[in-house]
Number of protein chains: 4
Amino acid sequence: MADYSFASDNTAGACPEAIEAIVAHNAGFTSGYGTDHVTAKAADLVRGMLDADADVRFVASGTAANAVSCAALCRPFEAVVAHEHAHICTDETGAPGLFGHGLGLVPLKGASGKIDPAALDAALSQPDVSYRQSPAALSLTNATEYGTVYSVEEIRALTSRAKAKGLPVHLDGARLANAVAHGFDIRALKALDIDILIIGGTKAGASLSEAIVLFDKGLSRRFDARLKQAGQLPSKGRFLSAPWIGMIESGAWMARAQHANAMAQKLAGLMPYPIRHAVQANALFVDMEDGPLEALRAKGFFVYRFTDGTVRFMCSWATTEESVERLGAALKAVG
Amino acid sequence: MADYSFASDNTAGACPEAIEAIVAHNAGFTSGYGTDHVTAKAADLVRGMLDADADVRFVASGTAANAVSCAALCRPFEAVVAHEHAHICTDETGAPGLFGHGLGLVPLKGASGKIDPAALDAALSQPDVSYRQSPAALSLTNATEYGTVYSVEEIRALTSRAKAKGLPVHLDGARLANAVAHGFDIRALKALDIDILIIGGTKAGASLSEAIVLFDKGLSRRFDARLKQAGQLPSKGRFLSAPWIGMIESGAWMARAQHANAMAQKLAGLMPYPIRHAVQANALFVDMEDGPLEALRAKGFFVYRFTDGTVRFMCSWATTEESVERLGAALKAVG
Amino acid sequence: MADYSFASDNTAGACPEAIEAIVAHNAGFTSGYGTDHVTAKAADLVRGMLDADADVRFVASGTAANAVSCAALCRPFEAVVAHEHAHICTDETGAPGLFGHGLGLVPLKGASGKIDPAALDAALSQPDVSYRQSPAALSLTNATEYGTVYSVEEIRALTSRAKAKGLPVHLDGARLANAVAHGFDIRALKALDIDILIIGGTKAGASLSEAIVLFDKGLSRRFDARLKQAGQLPSKGRFLSAPWIGMIESGAWMARAQHANAMAQKLAGLMPYPIRHAVQANALFVDMEDGPLEALRAKGFFVYRFTDGTVRFMCSWATTEESVERLGAALKAVG
Amino acid sequence: MADYSFASDNTAGACPEAIEAIVAHNAGFTSGYGTDHVTAKAADLVRGMLDADADVRFVASGTAANAVSCAALCRPFEAVVAHEHAHICTDETGAPGLFGHGLGLVPLKGASGKIDPAALDAALSQPDVSYRQSPAALSLTNATEYGTVYSVEEIRALTSRAKAKGLPVHLDGARLANAVAHGFDIRALKALDIDILIIGGTKAGASLSEAIVLFDKGLSRRFDARLKQAGQLPSKGRFLSAPWIGMIESGAWMARAQHANAMAQKLAGLMPYPIRHAVQANALFVDMEDGPLEALRAKGFFVYRFTDGTVRFMCSWATTEESVERLGAALKAVG
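Residues numbered from 1 in each chain as written. Chains lettered and ligands numbered in written order. Predicted model: local features only at pLDDT ≥ 70, side-chain atom pairs only at ≥ 80, totals over all residues. Heavy atoms only, no water.

Caption draft 1: Region of interest: the overall build of chain A. Tallying secondary structure elements over chain A gives 13 helices and 10 strands in all. For 335 residues, the compact-globule estimate of 2.2 N^0.38 gives 20 Å, and chain A sits close to it at 20 Å. In terms of its C-alpha atoms, chain A occupies a principal-axis envelope of roughly 55 × 55 × 30 Å. Put simply, chain A has 335 residues, and 66% of those count as buried. (Helix = DSSP H or I, 4+ residues; strand = E, 2+ residues; numbered from the N terminus. Rg over C-alpha atoms; globule rule 2.2 N^0.38 Å. Buried < 20%, exposed > 50% of the residue type's maximum accessible area, 1.4 Å probe, protein only.)

Pasting the structure below:
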């Protein structure tokens with residue numbers, strides 16, 4: 001058990017507010033399968049945070065949240081359009097294909113994890129042909145996999161294109177807290193024509209929980225049966241929802257992400273290597289040769305090369321100023 | 001939030017040993033996706049409890065655990081043989097079909113939730129024909145859905161039949177703790193030719209966690225990829241494994257089940273209605289007309305009619321002697 | 001190669017009208033994947049026969065036609081309601097589950113292969129619960145698996161119940177020709193609220209071809225992509241459509257079915273065993289002990305026991321009067 | 001109905017040998033679902049042509065043949081390695097994902113449709129990680145999508161790499177006849193460690209039929225149930241197998257492909273545009289601007305731009321010398 005890690009923002013445990021809420025809501029008996037009052041309260045809090053009416057569910061896995069959403073929006077002989085480095089394209093073992101029964105993915109280019117509108121136009125202008133899986137939904141990620149943050153206008157530029165072609169939109173917000181901490185207005189989401197939003201709890205400081213927000217309530221019919229069949233409707237639902245109560249009521253969902261972002265900024269200030277993408281959320285991606293990388297790992301800082309060849313450093317709610325300083329010193333030493 | 005419930009054994013929260021372990025293992029940073037030391041230790045403890053070498057994984061949902069197991073043992077044009085009232089047949093929204101890609105179920109008869117060996121013989125003696133999904137795996141449940149417990153010999157009578165035909169075996173042990181508390185020797189499992197065992201954590205007192213035990217290590221190759229694609233490999237794996245450490249090290253996994261079983265026995269002693277199945281685990285099934293059932297519910301005791309028409313009363317680790325006595329009094333009053 | 005068979009109506013080859021049309025439309029070059037003029041003409045002829053506007057596709061397999069249809073009407077966590085002895089329930093190796101990705105089946109009772117309206121009412125009145133696959137489509141079969149024929153009124157009694165609950169309807173017409181030959185008005189189908197109709201070509205005398213009729217044109221969008229992905233959009237589509245031109249233009253689709261039905265009537269007149277179901281199409285189901293059945297098989301008449309325990313005799317377009325007489329004599333001899 | 005087409009080799013009808021065999025084997029009654037004597041004879045002829053023992057099935061669709069094969073060789077959380085322009089990657093609407101339940105594809109580079117061994121090495125040397133679909137089978141195509149033909153040695157160089165890593169091999173031989181006509185020794189296949197071979201009938205001159213050859217007989221168990229569930233086991237199986245009898249017994253399978261290849265050579269001799277890939281089978285791919293392409297289409301020669309941007313001209317068994325000459329003249333005119 002290490003006392004720091006920059007490998008991912010999921011190497012941390014849960015923040016105190018999440019853990020305390022789990023303990024607090026453990027007492028007594030409740031009904032099962034997400035019909036309990038703890039889950040109802042957490043859903044209300046999520047709606048309040050979004051300033052929107054929507055149906056909300058809590059699941060244990062971001063991969064499942066994304067894949068179930070894609071399956072809800074598309075048919076097997078269709079495809080989801082996403083950034084080529086989106087988590088659903090590169091890190092989820094083909095889960096959209098499993099839950100979507102062969103559902104395809106159309107990977108799009110774009111700098112720093114943001115879909116290039118021209119690439120989206122090109123994909124959406126392809127004619128429907130029987131031998132190809134045509135785009136049927138758009139999937140966005142905010143904050144992106146490269147720690148950049150779409151502005152409301154940038155998202156609207158993409159969702160409006162999708163909507164003009166009749167495509168519903170999925171937003172993977174595994175790191176939405178970090179985007180909001182950067183300045184993205186969470187209350188703007190309701191007007192952005194997003195059909196399904198995933199709000200990350202795990203990376204924001206929860207134990208394991210992601211919120212599925214159905215802005216399009218037409219998707220809600222039998223959604224619990226969809227989740228149950230998909231293995232995402234655990235009986236003791238309160239353990240997925242309680243962390244949200246703790247984190248939203250206390251403001252930790254936001255405050256903890258602000259801290260994580262601030263740690264990334266601090267690290268950027270100490271970084272001797274070229275930073276490749278704008279540091280807007282809680283990640284840095286830097287150009288670094290194998291030699292110094294190995295030397296850094298030898299000093300106990302295990303970090304990865306990412307999809308684009310850079311080395312990724314992630315901060316989380318649990319990253320301390322002191323550990324950033326130690327990392328900064330180590331980076332300087334191996335440089 | 002009620003202070004008692006006999007509707008299910010999953011209406012309780014987590015037992016103190018589970019919660020304390022979650023809190024205790026929350027500190028510090030770990031690697032993700034089940035590669036952490038907490039998960040490694042929990043797996044060791046499960047192996048110790050079974051006195052067996054086996055690969056162990058922890059997932060958030062019993063439905064997923066069962067369905068992923070069925071998918072691992074069969075191909076889509078085959079079928080799983082199970083008791084007609086097994087959870088996979090009646091309560092999982094067709095999850096084996098989703099994860100198994102159309103995988104079929106062959107429901108078998110048998111008294112009190114136990115498969116009749118003659119019914120199994122009949123199913124296994126059917127010729128392979130192209131237009132039917134032939135049996136490819138046997139699924140058992142212990143304790144059964146009717147609160148009865150298979151003996152080692154009874155299980156062997158079924159698994160030996162399956163093995164003689166080349167079928168692997170899945171054992172749904174959502175309530176294995178209750179079976180063991182009744183006297184089933186958990187260390188006998190390793191010699192019973194079971195390929196995949198699910199050990200229930202949730203109903204035994206965990207927050208949400210089920211252990212998948214791969215006795216057949218030939219199934220282990222790429223099993224993590226299988227789980228990841230299935231949305232059952234959450235990043236912060238320690239929250240699925242920590243409860244096992246708390247419950248096994250303290251003996252709570254067994255002691256809490258013994259308590260639940262004892263509460264069922266106590267309730268049996270107070271029950272004015274005919275009890276349909278032997279009370280061996282933590283459940284009672286009684287013949288009860290609609291009138292008294294409604295009257296009982298009006299008194300705050302919400303319980304269900306089960307698949308066989310009886311009314312089911314479930315006890316759990318959290319059921320108190322006092323609540324059983326209150327229920328007994330209420331039953332007497334509505335009789 | 002036998003010169004008679006009563007085992008099935010698919011043991012015959014193709015009728016001359018079908019074969020001649022294949023040969024006639026083989027010449028020259030056409031576009032592929034069902035976009036050819038042969039297919040367009042056949043689709044027009046089907047529409048003409050139905051006196052209805054509808055989108056029409058031709059596929060090589062009735063199992064695929066049914067399963068793709070079920071998948072088009074339902075989602076994986078839902079179920080198709082059908083007669084318990086419907087072909088999709090008993091003879092298609094779980095194909096609806098494969099193409100429907102775990103889609104369930106709810107088998108209903110009913111005499112002689114017709115769904116009992118009360119059984120349908122019961123199924124449709126079940127509450128939606130997350131742990132069960134709720135009915136999402138009704139599947140009917142006409143003529144039924146027992147050689148009986150639904151009247152227009154009987155079908156309306158069922159489809160109106162389905163529609164009242166919002167369920168679309170699939171009609172498996174593998175032996176629709178035999179139903180029509182019995183008096184069922186094919187032009188009544190368009191007013192019966194059927195969303196997808198399968199018209200059998202194979203059993204009616206084609207080589208191998210089934211017509212998928214999309215009365216609900218809302219289903220047509222990307223249906224060719226659906227078929228292509230499902231392996232049901234062969235490049236040389238004319239070989240699936242040409243037989244329909246030959247059979248509809250000549251009247252053979254009807255005349256050949258009339259002959260098959262007449263042969264069944266003739267056999268009924270010679271049958272020394274009790275006939276179980278009304279002989280309305282091209283099949284007889286009789287009570288017959290194993291002794292005479294074996295003796296009959298020994299005489300070269302291979303026939304099966306069917307799902308309900310009766311022995312099934314099928315006639316087809318190719319069944320001759322003389323072979324019926326020989327069978328009659330053989331039956332008399334083994335009695 | 002045109003009397004020529006260079007758009008594809010599936011725009012032609014069936015060759016006389018195929019049609020005559022269909023007519024010849026139409027008489028009399030046979031058993032169904034591929035158990036008939038016509039299918040048995042055709043399978044023997046295929047085995048004879050391969051000089052190999054193997055199980056053989058006939059299906060109506062090449063897409064289904066490929067996808068069912070991929071599903072038989074891999075699990076959903078794994079991937080098939082194939083050339084990036086292989087038919088399964090670009091033209092089958094994600095069918096491997098449907099039949100393989102989310103099965104992934106790993107597209108590889110390589111000149112003129114042949115997989116670069118170094119690219120295969122790179123793919124196979126990737127470590128197994130839980131978040132990625134690891135290669136589990138190699139899929140080759142011969143003749144390739146670019147009308148080139150792998151030599152026996154070139155195939156061995158790829159299959160030996162696959163086998164060294166434990167991967168089974170699928171060979172898509174939709175145009176195997178054209179490869180063999182170019183000089184590829186069909187009897188060498190049996191020693192090339194191929195597990196499933198698809199031999200194209202349709203493009204070789206059959207109506208609609210592809211042969212699935214299971215060199216690995218371990219795959220045969222319940223393969224008919226696999227096909228039935230997949231909608232690829234039509235009852236009147238003789239219509240899928242008879243063409244093979246006609247084409248193999250007469251030598252047409254080879255002779256017709258030799259003709260198609262010769263027509264491509266003749267066209268190459270007349271081609272005024274740069275030819276991009278070696279003309280070894282029945283296709284030409286040429287560099288051609290939009291202007292002349294449109295002009296050519298206006299003259300009645302409809303041809304496509306292919307995946308790599310070239311314009312594709314396909315010859316078939318039905319392509320006449322005269323039509324090639326007319327095309328040559330038209331090309332000259334629009335140049």
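Moving on from the model shown.
Caption draft 2: Structural view of the interface of chain D and chain B. Listed by partner, the interface residues are 25 residues for chain D and 25 residues for chain B. Overall, the association of chain D and chain B removes approximately 2000 Å² of surface from exposure, summing both partners, and the carbon and sulfur fraction of that is 46%. The closest approach of N and O atoms between Arg222 of chain D and Asp128 of chain B, which form a salt bridge, is 2.8 Å. Taken together, chain D and chain B are joined by 14 residue pairs in polar contact (both at pLDDT 80 or more). Listing elements by their share of the side of chain D that touches chain B, those giving two or more residues are α5 (95-99), β4 (134-141) and α9 (223-229) of chain D. For the side of chain D that touches chain B, the residue count by class is 10 nonpolar, seven polar and eight charged. (Contact = heavy atoms within 4.5 Å. Buried area = accessible area lost by both parts, 1.4 Å probe. Salt bridge = Lys/Arg side-chain N within 4 Å of Asp/Glu carboxyl O. Polar contact = N/O pair within 3.5 Å; in protein donor to acceptor, adjacent residues only side chain to side chain. Nonpolar A, V, L, I, M, F, W, Y, C, P; charged D, E, K, R; others polar.)

Caption draft 3: The relation of the copies chain A and chain B, seen in detail. Note on the copies: chain A fits chain B at an RMSD of 0.0 Å, the axial shift is 0.0 Å, and the rotation between them is 180 degrees. Such a combination of turn and shift is consistent with a two-fold rotation axis. Within chain A, the C-alpha atom positioned nearest to the axis of rotation is that of Ala60 of chain A, 3.4 Å from it. Taken as a fraction of all interface residues of chain A, those also at the interface in chain B reach 100%, which identifies the copy contact as same-surface. (Least-squares fit on C-alpha atoms with pLDDT ≥ 70 in both.)

Caption draft 4: Highlighting the packing of helix α6 (residues 117-124) of chain D against helix α7 (residues 152-164) of chain D. Residue and element names in this part refer to chain D. As a packed pair, α6 and α7 sit with axes 10 Å apart at the nearest point and diverge in direction by 10 degrees. Considering the angle they form, α6 stands roughly parallel to α7. Along the contact surface, α6 presents Pro117, Leu120, Asp121 and Leu124, while α7 presents Leu158, Arg161 and Ala162. Counted by class, the contact of α6 with α7 contains five nonpolar, no polar and two charged residues. (Axes fitted to C-alpha atoms, helices over the stretch in contact; angles between N-to-C directions. Parallel < 35°, antiparallel > 145°, perpendicular 65-115°, else oblique.)

Caption draft 5: Seen up close, the relation of the copies chain D and chain B. Each copy superposes on the other: chain D lies on chain B with an RMSD of 0.0 Å after a rotation of 180 degrees and an axial shift of 0.0 Å. A shared binding surface is used by both copies, with 100% of the interface residues of chain D retained as interface residues in chain B.

Caption draft 6: Structural view of the nonpolar core. By size, the foremost hydrophobic cluster in this structure holds 138 residues, and its most contacted members are Leu189, Ile199 and Trp253 of chain C together with Leu189, Ile199 and Trp253 of chain D. The contact partners of Trp253 of chain D, leaving out residues within four places of it in the chain, are Met49, Leu176, Ala177, Val180, Ile186, Ile199, Gly200, Ala204, Trp244 and Met247 of chain D. Val56 and Ala119 of chain A together with Ala252 and Ala281 of chain B belong to the second largest nonpolar core, which has 137 residues in total. (Core = buried A, V, L, I, M, F, W, Y, C linked by side-chain atoms within 4.5 Å.)

Caption draft 7: Just the interface of chain A and chain B, in detail. Contacts between the two partners involve 55 residues from chain A, matched on the other side by 55 residues from chain B. With both sides pooled, the region where chain A packs onto chain B buries about 4400 Å², and carbon together with sulfur makes up 60% of that total. Our enumeration of links across chain A and chain B arrives at zero salt bridges. Looking at the side of chain A that touches chain B, the elements with two or more residues in it are α1 (16-24), α3 (62-73), α5 (95-99), α9 (223-229) and α10 (238-249) of chain A. Of the residues assigned to the side of chain A that touches chain B, the class counts are 25 nonpolar, 23 polar and seven charged.

Caption draft 8: Broad picture of the packing of aromatic side chains. A complete count under the given rule lists 30 aromatic pairs over all chains for this structure. Considering the side-chain rings of Phe6 of chain D and Phe301 of chain D, the 6.2 Å spacing of their centres and the 40 degrees angle between planes classify their relative orientation as tilted. Of the two residues, Phe6 of chain D sits in the segment before α1 (16-24) while Phe301 of chain D sits in the loop between α12 (290-298) and β9 (304-305), which places them 295 residues apart along the sequence. Summarising the burial analysis for this pair, Phe6 of chain D and Phe301 of chain D share the class buried. Through a chain of ring-to-ring contacts, three or more aromatic side chains come together here, namely Tyr4, Phe6 and Phe301 of chain A. (Phe/Tyr/Trp six-rings, centres within 6.5 Å; stacked < 30°, edge-to-face > 60°.)

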